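Structure at a glance
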Amino acid sequence: MQIHRTALIEDGARLGAGCVIHAYALITRHCELGDGVVVHPFAVIGGDPQDLSFDAGTPSGVRIGARTVIREHVTVSRATKAGAATEVGSDCFLMAACHVAHDCRIGSHVVIANAVLLAGHVQIGERAFLGGGAVIHQFCRIGEGAMIGGGARISRDIAPFSLATERNALVGLNVVGLRRRGLKREVLDEIKRAFRALDAPVGNLREIAASILQRGTFTSAEARSFLEFFQGGKRGFARARRGGAADEAADDE
């Protein structure tokens, strides 16, 4: 373990083997860091939530998975409820000045680029990529393997394996990311067919996805995971834009 002499680690924080804590980083007593986590200068991990109703005496925390790298000026706030934790998975890369708000849950192998802002209770699926300066509304879900363009403003759920940009603009599948995972051709084809089946300008996407699942048309775990995503969430779903016009009115919630 390497801890710079100017780093501040409060009593009660738990650090795994091989962690590296650089100069002027702050790890509060509410934190649990897995093995090999690296925290760069001026990052603040486990600070109080930016919530006016929060009681600072609440025993909540932050959990960071093994081998995750946290760059300069990143902030990760602790959860708002007693016994709960804001969670960042293993092998993640949080670039400079991004913010992970209270009660967020981030899967493993996620990349969050510079200055990304996650509001409270956001969920990010495994292997997602969030481009620089993107902002994500509270309670939104970003599905597994999704890619969010730089500067995007997201206030709807983004389905797994999808590409999204601008304001809730769904622009297709993250085909490059899927290929890099080494999925079989038949699995890729199923995901594409599932995406097209849900690429509807109108209609209730929850009901459409449920109907497709019930028919058993798709058998791969990935395609079924894509469809099952539409059974949860609170924010409604991003849809493809057509003719350059915003499709904000097309949300079916």
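Preceding this paragraph is the structure being described.
Worth saying up front: this structure is predicted, and the values here are computed from it rather than measured.

1. Things to note about unusual backbone geometry
Of note, the phi angle at Phe42 is positive, near 70°, even though the residue is not glycine. Its location among the elements puts Phe42 in the loop between strand S7 (38-39) and strand S8 (44-47). Look at His121: it is not a glycine, yet its phi comes out positive at around 65°. Mapped onto the elements of the fold, His121 is located in the loop between strand S17 (117-118) and strand S18 (123-124).

2. Some words on the packing of helix H3 (residues 205-215) against helix H4 (residues 221-228)
Running from N to C, H3 and H4 cross one another at 145°; their axes reach a closest spacing of 9 Å. Contacts from Ala209, Ile212 and Leu213 of H3 reach H4 at Arg224, Leu227 and Glu228. Split into classes, the residues belonging to the contact of H3 with H4 amount to 4 nonpolar, no polar and 2 charged.

3. Description of H3
Each full turn of the α-helix corresponds to 3.6 residues, which orients residues three or four apart in the same direction. For H3, the full list of buried residues reads Leu205, Arg206, Ala209, Ile212 and Leu213. Across the axial projection of H3, the buried residues extend over an arc of 135°, all falling on one side. Away from the buried face of H3 by more than 90 degrees, exposed residues Glu207, Gln214 and Arg215 are located. Looking at the buried positions of H3, the neighbouring elements they touch are helix H2 (185-197), H4 and strand S26 (239-240). The residue sitting at the N-terminus of H3 and contributing the capping side-chain oxygen is Asn204; that oxygen lies 3.0 Å from the backbone nitrogen of Arg206. Positive phi appears at Gly216, one or two residues downstream of H3, with a value of about 70°.

4. Brief notes about the environment of Ala66
Mapped onto the elements, Ala66 comes out in the loop between strand S9 (61-64) and strand S10 (69-70). With 66 residues separating them along the chain, Ala66 and Gly132 place their C-alpha atoms 23 Å apart.

5. What to know about the packing of aromatic side chains
Across all of its chains, the model carries 6 aromatic pairs by this definition. When the centroid spacing of 5.5 Å and the interplanar angle of 65° are considered together, the rings of Phe226 and Phe230 count as edge-to-face. The burial state of Phe226 is the same as that of Phe230; both residues are buried. Ring pairs connect the aromatic residues Phe195, Phe226, Phe229, Phe230 and Phe237, which therefore count as one cluster.

6. Here we look at the layout of surface pockets
Size it by volume and the largest pocket reaches roughly 260 Å³. In terms of lining residues, the largest pocket is bounded by 15 residues, among which Arg127, Asn174, Gly177, Arg180 and Arg181 are the most central. It is helix H1 (residues 175-180) that provides the largest number of residues to the lining of the largest pocket, a total of 4 residues. When its residues are assigned to classes, the lining of the largest pocket shows 8 nonpolar, 4 polar and 3 charged. Put simply, the second largest pocket is a space of about 210 Å³. In terms of lining residues, the second largest pocket is bounded by 14 residues, among which Gln123, Ile124, Gly125, Ile142 and Glu144 are the most central.

Cut-off values and rules
- Residues numbered from 1 in each chain as written.
- Predicted model: local features only at pLDDT ≥ 70, side-chain atom pairs only at ≥ 80, totals over all residues.
- Heavy atoms only, no water.
- Helix = DSSP H or I, 4+ residues; strand = E, 2+ residues; numbered from the N terminus.
- Axes fitted to C-alpha atoms, helices over the stretch in contact; angles between N-to-C directions.
- Contact = heavy atoms within 4.5 Å.
- Nonpolar A, V, L, I, M, F, W, Y, C, P; charged D, E, K, R; others polar.
- Buried < 20%, exposed > 50% of the residue type's maximum accessible area, 1.4 Å probe, protein only.
- Arc of directions from axis to C-beta.
- Polar contact = N/O pair within 3.5 Å; in protein donor to acceptor, adjacent residues only side chain to side chain.
- Phe/Tyr/Trp six-rings, centres within 6.5 Å; stacked < 30°, edge-to-face > 60°.
- 1 Å grid on protein atoms, 1.4 Å probe; cavity = no way out; pocket = protein on both sides within 12 Å on 5 of 7 lines; lining within 4 Å.
- Points joined across faces, edges and corners; volume = space filled by probe spheres on them.

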